[in-house]
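# Reading the structure
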Amino acid sequence: MSITNTLREQIAQRLYQDLGALSEAAAKQLSSTLGVPVDDGPPFDPIDHLQQHLLALSNAVLMNSPALFEAYALQQSQQIGSESALEQLGALRQALLLRMSVGEYVVTGSIISSGINALAAPVPASAIPAAEAASPEAERFAALFTEYLELLLASDRTAAQRLLLAEAEAGTDVRDLYLHVLQPAQREVGNRWHNGEISVAEEHYCTAATAGVMAQLQPYFQRTPRNGRRLLAACVAGDLHTIGLQMVADFLEYEGWDVSYLGASTPLDSIRRMIADHGVELLLTAASMPHHVPLLRELVAALRRDPATKHVRVVVGGRPFVYDADLWERTGADAWAASADEAVVVVRDLFSDPK
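In this report, the structure presented in the accompanying data block is examined. Just so it is clear, the structure is predicted and the values come from calculations on it, not from any experiment.

The subject of this paragraph is the pattern of salt bridges. Taken as a whole and assessed by the stated rule, the structure comprises 11 salt bridges. Arg-348 is the partner of Glu-255 in a salt bridge, and the nearest nitrogen-oxygen pair spans 2.9 Å. Taken as a pair, Glu-255 in the loop between α12 (243–254) and β2 (258–266) and Arg-348 in helix α17 (residues 340–350) lie far apart in primary sequence, 93 residues in all. Asp-306 is the partner of Arg-272 in a salt bridge, and the nearest nitrogen-oxygen pair spans 2.9 Å. One end of the pair, Arg-272, is in helix α13 (residues 268–277); the other, Asp-306, is in the loop between α14 (293–305) and β4 (313–317), and 34 residues separate them in sequence. Since its relative accessible area comes to 22%, Arg-272 is described here as partly exposed. Taking the relative accessible area as the measure of exposure, Asp-306 reaches 17% and is therefore buried. If you follow the salt bridges from partner to partner, you end up with Asp-269, Arg-272, Arg-273 and Asp-306 in one network.

Here it is as C-alpha cells:
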C-alpha cells in the first residue's frame with residue numbers, strides 16, 4: 001500500500017488532536033499497579049506517558065521513520081522499565097486499532113509495532129558491534145577527558161574550565177580539545193541522563209559548564225584567514241540543545257568561514273530573513289530530539305520556496321539522524337554530519353567548486 005505524504009500529515013494531525021481521548025482509552029487497559037513507585041522511585045502518571053508516546057508516534061508517522069519510534073521506545077524502557085513500556089505501547093496499539101480507520105491503522109500500527117518489537121526482542125551477542133579500538137589521538141587525551149568529566153560530575157565547573165584553558169594556553173590544538181574531551185564528555189553526560197544515572201539538573205549543569213569553556217576557547221578559532229563565505233547556525237524553535245551545533249560552527253570558523261550564530265530555539269522566519277539579508281551561503285541546524293525533525297523539515301521547505309533563500313546549502317546534525325540513516329534526506333537538507341570534524345569534510349565537499 002502506497003502511503004502519501006498528505007495521508008501521513010493527516011494521521012499525524014489526528015494523533016495530536018485526539019491525544020487526550022486516545023491516551024485515556026489506552027490507560028483503561030493498563031494494570032492497576034502501573035502507577036506504583038518502582039524501586040522506591042516516584043510514581044509516574046500513565047496518562048502523561050501515553051501522551052508522550054502518541055506525540056513520538058505522530059513524529060515518526062510524519063517523517064515515515066519507524067526507526068525514530070524504536071529509538072524512543074528503547075529510551076522509555078530505560079526510564080520506566082521495559083515491562084511498563086511494553087504494556088503501555090500494547091495498550092496504545094489496541095486503542096488505535098479500535099478508533100482508527102483501516103488505512104490509518106496500517107500506518108500507525110506498523111510503527112508502534114516496530115517499537116514493541118524493539119523492546120521485546122533480545123539483542124543477540126552477534127549483533128552487538130565490537131568496541132572500536134581507540135585512536136592514537138583519543139588515547140592521548142583519555143586522561144584529560146576522564147579528569148574533565150569527573151570534575152563536571154563533581155559540580156566543579158571552575159576547575160574543569162581551568163583544566164582545558166591551561167591546555168589551550170600550552171599550545172594544544174583546540175580542535176583536539178573539542179573532539180577528544182568536550183565532545184565525548186557531552187555524549188557521556190547525555191548517555192547517563194538517558195539511562196537515568198544523572199538528573200536533568202546535573203545534565204544541565206554539565207552542559208552549561210561545557211558551553212562556558214567553549215566560549216572561552218572560541219577566540220582560538222578566529223585566528224585563521226577568512227575565506228569570504230558566511231554561514232548561519234541556528235536550532236529550530238523549541239530546541240535548546242546547542243552544544244553540538246556550536247562545535248560545528250567553531251570548526252568551520254577555523255576553516256575561514258564568517259559565522260552568524262543564533263543558537264537555541266530560533267523562529268523560522270528569523271532564520272529565513274537573516275539568510276536573505278546577509279548573504280548566507282550555508283545553514284547549520286540540528287535536531288536534538290525526534291520531535292524537532294518535522295520542524296527542521298518545515299524550515300528547509302520554507303527556504304526552498306523563497307527565491308531569496310533557495311540557494312542556501314543546509315547541513316543537519318543531531319541524535320535522530322543516527323537512528324535512521326535516510327532521515328536527513330527526508331528533511332530536504334543537502335547533507336548531514338555526525339561530528340564537528342565530519343562536518344568540515346562535508347562542507348568542503350559541498351563547496352568544492354571555486355567561488
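Once the structure has been displayed, the description carries forward.
For the rest of this paragraph, the subject is unusual backbone geometry. One non-glycine residue, Asn-64, lies in positive phi territory at about 55°. For Asn-64, the location among the structural elements is in the loop between α3 (46–62) and α4 (66–80). Its identity is not glycine, yet Ser-155 carries a phi of approximately 60°, on the positive side. Topologically, Ser-155 is positioned in the loop between α8 (142–153) and α9 (157–169). In this structure Ser-155 comes out as partly exposed when scored by relative accessible area, which is 48%.

Glancing now at the state of the cysteines. Going through the model one piece at a time under the given rule, you end up with 0 disulfides. Cysteine Cys-235 shares no disulfide, and the gap to the nearest cysteine sulfur, in Cys-206, comes to 19 Å. We classify Cys-235 as buried; its relative accessible area is 0%.

Here the focus is the nonpolar core. If you look at the biggest cluster of nonpolar residues, it comprises 51 residues, and the most contacted ones within it are Leu-15, Leu-57, Phe-69 and Leu-283. Not counting residues within four places of it along the chain, the set of residues in contact with Phe-69 comprises His-53, Ala-56, Leu-57, Ala-60, Leu-89, Ile-111, Ile-112 and Gly-115. Within the second largest apolar cluster, 49 residues are counted, among which are Phe-145, Leu-152, Leu-164 and Val-346.

Let's shift gears to α17. Within α17, burial applies to Ala-340, Ala-343, Val-344, Val-346 and Val-347. Where α17 is buried, its residues meet α10 (174–194), α12, β3 (282–286), β4 and β5 (335–336).

The next subject is the packing of α12 against α17. Orientation of α12 relative to α17, taken along the N-to-C sense of each, is 55°, at an axis distance of 9 Å. If you check the angle between α12 and α17, you find them oblique. Seen along the crossing, α12 lies across α17 with a hand that is right-handed. Contacts from Met-247, Val-248, Phe-251 and Leu-252 in α12 reach Ala-340, Asp-341, Ala-343, Val-344 and Val-347 in α17.

Our focus in this paragraph is the environment of Ser-31. Here Ser-31 is to be found in the loop between α2 (19–27) and α3. You can call Ser-31 partly exposed: its relative accessible area is 33%. Linking Ser-31 and Ser-84, residues 53 residues apart in sequence, is a C-alpha distance of 9.6 Å.

By the secondary structure assignment, Thr-172 is in the loop between α9 and α10. Here the side chain of Thr-172 touches Glu-167 through a polar contact of 3.0 Å, side chain to side chain. Sequence-distant contacts of Thr-172, that is, excluding residues within four places in its chain, are made with Phe-141, Glu-167 and Leu-177.

Parameters at a glance
Residues numbered from 1 in each chain as written. Predicted model: local features only at pLDDT ≥ 70, side-chain atom pairs only at ≥ 80, totals over all residues. Heavy atoms only, no water. Salt bridge = Lys/Arg side-chain N within 4 Å of Asp/Glu carboxyl O. Helix = DSSP H or I, 4+ residues; strand = E, 2+ residues; numbered from the N terminus. Buried < 20%, exposed > 50% of the residue type's maximum accessible area, 1.4 Å probe, protein only. Disulfide = S-S within 2.5 Å. Core = buried A, V, L, I, M, F, W, Y, C linked by side-chain atoms within 4.5 Å. Contact = heavy atoms within 4.5 Å. Axes fitted to C-alpha atoms, helices over the stretch in contact; angles between N-to-C directions. Parallel < 35°, antiparallel > 145°, perpendicular 65-115°, else oblique. Left-handed = near helix turned anticlockwise from the far one by under 90°. Polar contact = N/O pair within 3.5 Å; in protein donor to acceptor, adjacent residues only side chain to side chain.

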